[in-house]
There are 2 protein chains.
Amino acid sequence: MGKGHVRLADVAKAAGVSQGTASNVFSRPDVVREEVRERVLNVARELGYGGPDVKGRLLRAGRVNAIGVAAVEPLTYFFDDPWARSLMTAIGEVCDASGTGIAVVSAMNEERLAWNINSALVDGFILLCVEGGERLVELTRQRQLPFIALALGIEDETIPAIGIDNVAGGAAAARHLLELGHRDIAILSIGDVDGLVGLVAPERVDPEMEATPRDRMHGYWQALAEFGIPREAVPIQGTLHDRPSTLTAMEALFSTDNPPTAILAMSDNVALFAMQWLAERGLKVPEDVSIIGFDGVPEAAASLPRLTTVAQPFAEIARRSVTAILENALPKNHEALDLELVVRDSTAAPRPQ
Amino acid sequence: MGKGHVRLADVAKAAGVSQGTASNVFSRPDVVREEVRERVLNVARELGYGGPDVKGRLLRAGRVNAIGVAAVEPLTYFFDDPWARSLMTAIGEVCDASGTGIAVVSAMNEERLAWNINSALVDGFILLCVEGGERLVELTRQRQLPFIALALGIEDETIPAIGIDNVAGGAAAARHLLELGHRDIAILSIGDVDGLVGLVAPERVDPEMEATPRDRMHGYWQALAEFGIPREAVPIQGTLHDRPSTLTAMEALFSTDNPPTAILAMSDNVALFAMQWLAERGLKVPEDVSIIGFDGVPEAAASLPRLTTVAQPFAEIARRSVTAILENALPKNHEALDLELVVRDSTAAPRPQ
DNA sequence: TCGAGCTTTTGAATCGATTCAAATAATGGA
DNA sequence: TCCATTATTTGAATCGATTCAAAAGCTCGA
């Protein structure tokens, strides 16, 4: 194989028909006379022709029928990270329904990312802007394909994006704990800056924190204020969204005289790590400590006890993103979808004193 | 945008250079005089040219720099299923290192699958043959691209495939339990045929079971025989590799007079479901019941207690598959890689009677 | 037998680049 | 100044299909 690669033109010649007819045999078989069709197909088989090459078709059609999902992360991120996976699953569902393919494009380093974005064969991009979002958007812009940014951290109205109402979500989470009667609450925040691990003073939130955790924080504070609790009364422990920093944060939170009876975690990931720490310390959830997560990843539904959380509308996000790209109908302004409080087994009223 | 789409030829004309030079400016900038390069780049910027279109380049180059991973499953499978994810993560690692992209191609129904396989823009395929493997191979063959089959159920030496030594793996798992002293052992098998749920007689294994579970079973039996235990003494409960059927199987296993002290599960999935059942029944692992899984998915390392298992060499499988495809050096014969017994916390000696 | 109205087929243009042999320009040495 | 080199550019061919206006074949009624 290899050297004598058969193409449509060869088949056409061998079958004694024009290339146009040969093409029709494959792409619009109804238009060509049965007898001819048979003959061409036979010749094709004899020659070992494998059907029209996608690359040629593609060049003509200009459409790939696939969307790219990109992030400034290694490829493994898409199959590893619970949030990314939740989204990918939802996107997969939508794409399956419309027969669209998915290409995952990613890269740790900038240079590779630029190349990957530029050479991905897709009709448009969904950008997971968790980290390095601005750069990702900039690179994608150059490609001049429709794209839509998710989890965008910056406030640039010229970027088509779909977001979630983190403030309202945070408020819903905090309100849930407050309504159960909790007053000693602690916050586990997330971020990827080393500066914000350990105890974080409220004043540092606005200037230093990224948009997502900042908004969630403001949501928490908003609900706390409704119940007359000043933000200073609620300790914030910063995590790097991973296990070690979460365990350290929990250690710090529970080594005080007045440990919290409830925890607001800014992600399900962190909440689940925290639950493991509590389990190892023999603290029972929700009897001793209530905890509520954020995001609504499937793992949260499978934990023991099942985690109460504020769920992102993954299916809706995916549906809108994919259709926006396929129909090139990008949203004019940022859309912020609502989250949904999902009460499961990790939250309950505090023990009576 | 849109109507006046700018192409390389436009830029060339506007800059007053030949198309060849314009092309060089982008793809081999070192070969063109700096002055000219600048000029062309400026014109390109003014015209809003976004760089060479991949489709054109691609057609010429004939190479996409991406591999497709295909399965007869919905797209969500790749982000959902632990085994698939383990593999995808490993594949992602290899691809990241070589700057190769990944396209996931899938479909529930045959017709769509054929289309997807045919129109995926990739240089080759890795086939996850978990179900409907033969059909998948057949479709991919027509595409005339290099491909390699994983988890292939059939014995066709003409199909390039990488497999694992399920017999040896099964034997290692069983031997581990036997060496710990267990003699009352039960097997949780897997499959996707309804006929093989519930108690399965040993005689039915060879004629009815798919290759993977069959081989694992023979591995179990082999080790059991070494310890003088006849296969009839070891109950086999068939599952569909999902939660409900596993719970039913466990129910059946433990509602007898003589419940097992150890369980051989043919997948980590099933083992984890079984552990949940045990936990809910108040049976302690490994004190009351030992259990060993199969596959070595990451979930097995994160469970409580951590699951002992026989791990597939995912990284090695991925490395071989990807390089085989990229270098078009497909293995001549089936390779069967070794599994590794990973002893964690879910297995221990049985309670003394 | 003629021609209107269909159905098929043809052939050339097109999609958007890359490539390479040949032409031209610049450089340097004698 | 002239010629041999070397550095740049050019222009046309190529990759592998699809598309569509126009040509050719058919059928059928008058």
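To be clear, the structure that these remarks concern was listed above.
Scope of this entry: the structure provided in the associated data block. (Residues numbered from 1 in each chain as written. Chains lettered and ligands numbered in written order. Predicted model: local features only at pLDDT ≥ 70, side-chain atom pairs only at ≥ 80, totals over all residues. Heavy atoms only, no water.)

Section: the layout of surface pockets
As a volume, the second largest pocket reaches approximately 2,000 Å³. In terms of lining, the second largest pocket is formed by 50 residues, of which the most central are A:His5, A:Gly51, A:Asp53, B:Arg143 and B:Gln144. For the lining of the second largest pocket, the elements supplying multiple residues, two or more each, are helix H1 (8-15), helix H2 (19-27) and helix H4 (54-61) of chain A together with helix H7 (110-119), helix H8 (133-143) and helix H15 (314-326) of chain B. Broken down by element, the residue count for the lining of the second largest pocket peaks at six residues, all from H4(A). Class assignment for the residues of the lining of the second largest pocket results in 24 nonpolar, 16 polar and 10 charged. (1 Å grid on protein atoms, 1.4 Å probe; cavity = no way out; pocket = protein on both sides within 12 Å on 5 of 7 lines; lining within 4 Å. Points joined across faces, edges and corners; volume = space filled by probe spheres on them. Helix = DSSP H or I, 4+ residues; strand = E, 2+ residues; numbered from the N terminus. Nonpolar A, V, L, I, M, F, W, Y, C, P; charged D, E, K, R; others polar.)

Digging into the sheet that holds strand E6 (residues 185-189) of chain B
All names here are of chain B. Taken together, the five strands give an open sheet; going across it, the order is E7-E8-E6-E9-E10, and neighbouring strands pair in mixed fashion. The two strands at the open ends of the sheet, each matched to only one other strand, are strand E7 (198-199) and strand E10 (290-292). Two strands pair when backbone bridges link them, and strand E9 (residues 262-265) and E10 are joined in this way by three bridges, in the parallel orientation. Residue pairing across strands places leucine 264 opposite isoleucine 292, the latter belonging to E10. Contacts from helix H11 (residues 211-226) reach E6, strand E8 (236-238) and E9, with the element oriented near 170° to E6. This element, helix H12 (residues 243-254), spans E6, E8 and E9 of the sheet and lies at about 160° to E6. (Pairing = 2+ DSSP bridges. Contact = heavy atoms within 4.5 Å. Axes fitted to C-alpha atoms, helices over the stretch in contact; angles between N-to-C directions.)

Regarding the interface of chain B and chain A
Listed as interface residues are 40 residues of chain B and, on the opposing side, 40 residues of chain A. Summing both partners gives a buried area of about 3,500 Å² for chain B against chain A, and 59% of it is carried by carbon and sulfur. Remark: the boundary between chain B and chain A carries zero salt bridges. Run the count over chain B and chain A and you get 10 residue pairs in polar contact (both at pLDDT 80 or more). Contributing elements (two or more residues each) for the side of chain B that touches chain A: helix H4 (54-61), helix H5 (77-80), helix H6 (82-98), strand E2 (101-106), H7 and H8 of chain B. At nine residues, H6(B) tops the list of elements feeding residues into the side of chain B that touches chain A. Tallied by class, residues from the side of chain B that touches chain A come to 17 nonpolar, 16 polar and seven charged. Bridge count for strand E2 (residues 101-106) of chain A against E2(B) is three bridges, and the pairing is antiparallel. (Buried area = accessible area lost by both parts, 1.4 Å probe. Salt bridge = Lys/Arg side-chain N within 4 Å of Asp/Glu carboxyl O. Polar contact = N/O pair within 3.5 Å; in protein donor to acceptor, adjacent residues only side chain to side chain.)

Side note on the side chain of A:Ser119
Note that A:Ser119 resides in helix H7 (residues 110-119). Not counting chain neighbours up to four residues away, the residues in contact with A:Ser119 comprise A:Arg143 and B:Val54.

Topic: the environment of A:Val205
All names here are of chain A. Following the sequence through the fold, valine 205 ends up in helix H10 (residues 205-208). Note on valine 205: relative accessible area 0%, which makes it buried. As a C-alpha pair, valine 205 and isoleucine 236 span 31 residues in sequence and 9.7 Å in three-dimensional space. Each residue touching valine 205, except ones within four places of it in the same chain, is listed here: Arg214, Met217, Trp221 and Ile236. (Buried < 20%, exposed > 50% of the residue type's maximum accessible area, 1.4 Å probe, protein only.)

Observations concerning the relation of the copies chain B and chain A
Mapping chain B onto chain A calls for a rotation angle of 180° and an axial translation of 0.0 Å; the resulting RMSD is 0.1 Å. What the rotation and shift describe, once combined, is the action of a two-fold rotation axis. Minimal C-alpha distance to the rotation axis in chain B is attained by B:Ala103, lying at 2.1 Å. Comparing interface residues between copies, 100% of those in chain B also sit at the interface in chain A, which points to an isologous, same-surface contact. (Least-squares fit on C-alpha atoms with pLDDT ≥ 70 in both.)

Concerning the pattern of salt bridges
Evaluation of the coordinates by the stated rule reveals 34 salt bridges over all chains. Its salt-bridge partner being A:Glu208, residue A:Arg204 comes within 2.9 Å of it at the nearest N-O pair. When its relative accessible area of 25% is taken as the criterion, A:Arg204 is described as partly exposed. Take A:Glu208: its relative accessible area is 39%, and that puts it in the partly exposed class. As a salt-bridge pair, B:Glu251 and B:Arg281 come within 3.1 Å of each other at their nearest N and O atoms. With B:Glu251 in helix H12 and B:Arg281 in the loop between helix H13 (268-280) and E10, the pair connects residues that are 30 residues apart, well separated along the chain. Each of A:Glu316, A:Arg319, A:Arg320 and A:Glu335 takes part in one network of salt bridges that share partners.

Re empty space enclosed by the protein
All chains considered together, the criterion is met by four cavities of 30 Å³ or more. If you add up the space inside the largest cavity, you get close to 460 Å³. Taken together, the elements giving at least two residues each to the lining of the largest cavity come down to E2 and H7 of chain A together with E2 and H7 of chain B. In terms of residue class, the lining of the largest cavity is built from 21 nonpolar, 14 polar and one charged.

Description of the packing of helix H12 (residues 243-254) of chain A against helix H13 (residues 268-280) of chain A
Residue and element names in this part refer to chain A. Contact pair H12 / H13: the axes reach a minimum separation of 9 Å and the direction vectors enclose 55°. Here H12 lies oblique to H13, going by the angle between them. For the pair H12 and H13, the crossing hand works out as right-handed. Contacts between H12 and H13 involve Arg243, Thr246, Leu247, Met250, Glu251 and Phe254 from the first element and Val270, Phe273, Ala274, Gln276, Trp277 and Leu278 from the second. Its residues placed into classes, the contact of H12 with H13 shows eight nonpolar, two polar and two charged. (Parallel < 35°, antiparallel > 145°, perpendicular 65-115°, else oblique. Left-handed = near helix turned anticlockwise from the far one by under 90°.)

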